[in-house]
Amino acid sequence: AAKSGEAVVSTQSTGTRANSTSQSSDSGIPSQEEFVSPYTKACNLLQTNNKITQFSSPANEPRPGDRIVYTAGAFDLMHPGLVDFLEAAKKEGSYLIVGLYEDHVVNEYKGSQYPIQILQERVLSVLANRNVDEVLIGAPYPLTEEVLDHFKIDVVVQGIITEGDHDTDHYAVARKRGIYKQIDSGNPLTTDDLVLRIISNRKQFMARNRAKQLKELNNIKKMAEIEAAKSGEAPACSTSSN
């Protein structure tokens, strides 16, 4: 598992390669391949601190007496289910830290088609949420003692609905400390639900368009036959024998 210090550094830089196992070139400059996601094939090289700042709130450090809440996940395709969960999580304290897993981690427990969005896109989506005070980019999976100690976390929350196949209890350290809590946001919508809805709607859209196209082609053919009949000529699509 990644150490919290490595993840914290990623929140202060471009956030593109926290805990990366790729090797840089001898010059110390990362190669283009190191910035390409093997799952989405999208280039992450254009990410900057300024871009992250545009999506985040002004610097906001925890105040003395704040109850610090932590949660982590993929937060892929920000939708009402995730928004409601973050709102419920914030109500468990006064300062909310959201850990975002690396693309390869999400891919391992959710499957080869995930994540839909690369890490940087997910970071910007979560930063734009008003209930989020801090984002831990490249959060360790499973949760570590170092993260709990570094951020002085009071409670770790998880939704009652989880996605993917988690082989281990990734919140075991929180349970051991007695600071783990499962919460219900009241919204059962998941990213999987959204993806299935998109696929279903796309199939209906394609079927409707195919039917419309066939209808238009038939109308064009009939119009050609009518015009040909008026002029006393055979339709262009027919063949005449000599």
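Residues numbered from 1 in each chain as written. Predicted model: local features only at pLDDT ≥ 70, side-chain atom pairs only at ≥ 80, totals over all residues. Heavy atoms only, no water.

1. Topic: empty space enclosed by the protein
Counted by the stated rule, this structure contains one cavity of 30 Å³ or more. Roughly 510 Å³ of volume is contained in the largest cavity. Lining the largest cavity are 32 residues, and of these Leu82, Gly159, Ile161, Thr162 and Glu163 lie nearest its centre. Of all the elements in the fold, those that place two or more residues in the lining of the largest cavity are strand S1 (68-73), helix H3 (80-90), helix H4 (103-110) and strand S4 (155-159). Along the lines of polarity and charge, the residues of the lining of the largest cavity split into 14 nonpolar, 14 polar and four charged. (1 Å grid on protein atoms, 1.4 Å probe; cavity = no way out; pocket = protein on both sides within 12 Å on 5 of 7 lines; lining within 4 Å. Points joined across faces, edges and corners; volume = space filled by probe spheres on them. Helix = DSSP H or I, 4+ residues; strand = E, 2+ residues; numbered from the N terminus. Nonpolar A, V, L, I, M, F, W, Y, C, P; charged D, E, K, R; others polar.)

2. Focus on unusual backbone geometry
Each neighbour pair has its own omega, and for Tyr114 with Pro115 the value is 0°, a cis peptide bond. Along the chain, Pro115 falls in the loop between H4 and helix H5 (119-127). Of the consecutive residues Tyr141 and Pro142, the connecting peptide bond is found in the cis state with omega at 5°. Checked against the element boundaries, Pro142 lands in the loop between strand S3 (134-137) and helix H6 (145-150). With a phi close to 55°, Leu77 is a non-glycine residue in the positive phi region. By the secondary structure assignment, Leu77 is in the loop between S1 and H3.

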